[in-house]
Amino acid sequence: MGKSDLVRVGLLGIGSWSGVIADATQRSKKLKLVTCYTRTPEKREAYSQRYGIEQEKSFEDLLKRKDIDGLLIITPNAVHAEQTALAAQNGKHIFVDKPIANTLEDGRKMIDACQKAGVVLQVGQLMRRLAGYRKIKELIDKGTIGKPVMAEANFSHNLGFQLGPEKWRWRGDDTGCPAGALMTMGIHHADTLIHYFGPIKTAFAYFSKLCIPAPVEDVTTTIFQFESGVQGYLGSNYCSPKANYVYVFGTKANILCSVTLPNVPFDEYLKIWPSVDRYTRLTLFELDKDGGKDISLPVGDPVLEELDEFADCIRTGAKPETGGESSLAALALIRAAIESAKTGKPVKPGA
């Protein structure tokens, strides 16, 4: 593919994860980042210089660019719906970082806007693309573990102690980041587990505020039952050492995937993602066999994979793996957990 064939995109929002995204565009042979916008001129200028790209003075100027095929939206959850609708109306294809939105209503608005405009909507539900989590799906589908009966997952990090009070994630309502760690991190595994086992029938959750001096829950536990009968647990907190694992139990075998990233400052942690598979261990525990068997994994580049898929979908009209509907299903579980934690009752996701 020549330079003239590259899908050209702009980036909206310059938070910490936007650097991971922009770095991946520089590794891509299918997509080219050409311009950016954020409200703070100094941050915009520094970002433009860092990546050798142009900058826009307003969101409206970004949307007016006729030479831009799509937008990479890396902004707070609460503004995803409005920004996506405006971008779709201007004919821009959309890649938006997870979650699709804070509310199901906003998520549906985004899906409808993109369908009406005939543009791609892809959501950055990254975790299912890691080599270990891909392999679990393959082994489930091949019948290696027999009939699945239970799954456990946890995604936690002590970054709650590092977030300053000016950060939008501090607000634990729909204007910020409701459910705290569950919406920020746990939603990744919500997506992965639904990808494995299908729709969820009902969910029950406990939320606590134990350590972080801010109006947001920092410890969450959610249990649920899939329509298939498989039972699940999802934990996520803002105040413990890093944890990132999925453990699936079957009638023939159990399989555990754990991503153990080094204990480094958050900025260094972000730089690990192009080679995150190097920190992944996948172990199969088979019936009537002692111990576990480690399964070797390839080292991929999950951030690059999702952006290259975005470019392919724009070129071919194909539907992305993590499109609006699948991402809405993951959000529905988080919203059910929020409602359950408030009412003390089981909740049907999407109800």
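In case you missed it, the structure is sitting above this.
Computed from a predicted structure; not experimentally measured.

(A) Unusual backbone geometry, seen in detail. Residue proline 99 is reached from lysine 98 by a cis peptide bond, and omega for that bond is -10 degrees. Its place among the elements puts proline 99 in the loop between strand S5 (93-97) and helix H5 (104-117). Positive phi is not limited to glycine here, since alanine 179 has a value of about 75 degrees. Despite not being glycine, aspartate 288 has its phi angle at roughly 70 degrees, a positive value. Mapping aspartate 288 onto the fold places it in the loop between strand S13 (280-286) and strand S14 (293-294).

(B) Quick look at the pairing of strand S4 (residues 70-73). Because side chains alternate across S4, one face comprises the buried residues Gly70 and Leu72, and the other comprises Leu71 and Ile73, equally buried. Bridge count for strand S1 (residues 7-12) against S4 is four bridges, and the pairing is parallel. Residue pairing for S4: valine 9 is matched across the bridge by glycine 70. Pairing analysis gives four bridges linking S4 to S5, with the strands arranged parallel.

(C) Main features of the packing of helix H1 (residues 16-27) against helix H2 (residues 41-51). Between H1 and H2, whose axes approach to 11 Å, the crossing angle comes to 25 degrees. By the angle class used here, H1 and H2 are roughly parallel. The two elements H1 and H2 meet at a crossing, and its hand is right-handed. Contacts between H1 and H2 involve Ser18, Gly19, Ala22, Asp23 and Gln26 from the former and Tyr47, Arg50 and Tyr51 from the latter. Tallied by class, the residues present in the contact of H1 with H2 amount to three nonpolar, three polar and two charged.

(D) Structural view of the packing of helix H7 (residues 181-197) against helix H10 (residues 324-343). Closest axis-to-axis distance for the H7/H10 pair is 9 Å, and the angle between their directions is 125 degrees. The orientation of H7 relative to H10 falls into the category oblique. Classified by chirality, the crossing of H10 by H7 is right-handed. Between H7, through Leu182, Met183, Ile187, Ala190, Asp191 and Ile194, and H10, the contact on the second element is made entirely by Ser326, Ala329, Ala330, Leu331, Leu333, Ile334 and Ala337. Residues of the contact of H7 with H10, tallied by class, amount to 11 nonpolar, one polar and one charged.

(E) Local environment of the nonpolar core. Formed by 112 residues in total, the largest nonpolar core has its most connected members in Ile136, Val248 and Trp273. Setting aside residues up to four positions removed in sequence, isoleucine 136 forms contacts with Tyr196, Val246, Val248, Ile255, Cys257 and Leu282.

(F) Structural view of the environment of proline 41. Examined against the element boundaries, proline 41 turns out to sit in helix H2. As for proline 41 and leucine 256, which are separated by 215 residues in sequence, their C-alpha atoms are 46 Å apart.

(G) Looking closely at the packing of aromatic side chains. A full pass over the atoms with the stated rule returns 10 aromatic pairs. Geometrically, the ring pair formed by phenylalanine 197 and phenylalanine 226 is edge-to-face, given 5.3 Å between the ring centres and 65 degrees between the ring planes. Linking phenylalanine 197 in helix H7 with phenylalanine 226 in strand S9 (residues 219-226), this pair joins segments that are 29 residues apart in sequence. Here the two residues phenylalanine 197 and phenylalanine 226 agree in accessibility, since each one is buried. Ring pairing ties together the aromatic residues Tyr196, Phe197, Phe224 and Phe226, which thus form one cluster.

About the cut-offs
Along each chain, residue indices are assigned from 1 in the same order as the chain's sequence is written. Restriction of local features to residues with pLDDT of at least 70 applies here, the model being predicted, together with a cutoff of 80 or more for giving and counting side-chain atom pairs; totals for whole chains, interfaces and linings are based on all residues. Note that water and hydrogens are dropped before the side-chain values are worked out from all heavy atoms of the structure. A run of H or I in DSSP counts as a helix once it spans at least four residues, and a run of E counts as a strand once it spans at least two, with each numbered from the N terminus. The cut-offs for exposure are 20% and 50% of the maximum accessible area for each residue type, with area from a 1.4 Å probe on protein chains only; residues under the lower value are buried, those over the upper are exposed, and the others partly exposed. Two strands make a pair as long as DSSP finds a minimum of two bridges between them. Helix axes are fitted to C-alpha atoms over the stretch in contact, other axes to C-alpha atoms as well, and angles between N-to-C directions run from 0 to 180 degrees. Angular relationships are summarised with four words: roughly parallel below 35 degrees, roughly antiparallel beyond 145, roughly perpendicular across 65 to 115, and oblique for the angles in between. Handedness of a helix crossing follows the sense of rotation of the near helix relative to the far helix, less than a right angle counterclockwise being left-handed and clockwise being right-handed. The contact criterion used throughout is that any non-hydrogen atoms of two residues lie within 4.5 Å. Nonpolar residues are Ala, Val, Leu, Ile, Met, Phe, Trp, Tyr, Cys and Pro. Charged residues are Asp, Glu, Lys and Arg, and all others, Gly as well, are polar. Note on terminology: a nonpolar core comprises buried Ala, Val, Leu, Ile, Met, Phe, Trp, Tyr and Cys residues joined through side-chain atoms within 4.5 Å. Two aromatic rings, drawn from Phe, Tyr or Trp (for Trp, its six-membered ring), form a pair once their centres lie within 6.5 Å of each other, and the interplanar angle then sorts them: stacked below 30 degrees, edge-to-face above 60, tilted otherwise.

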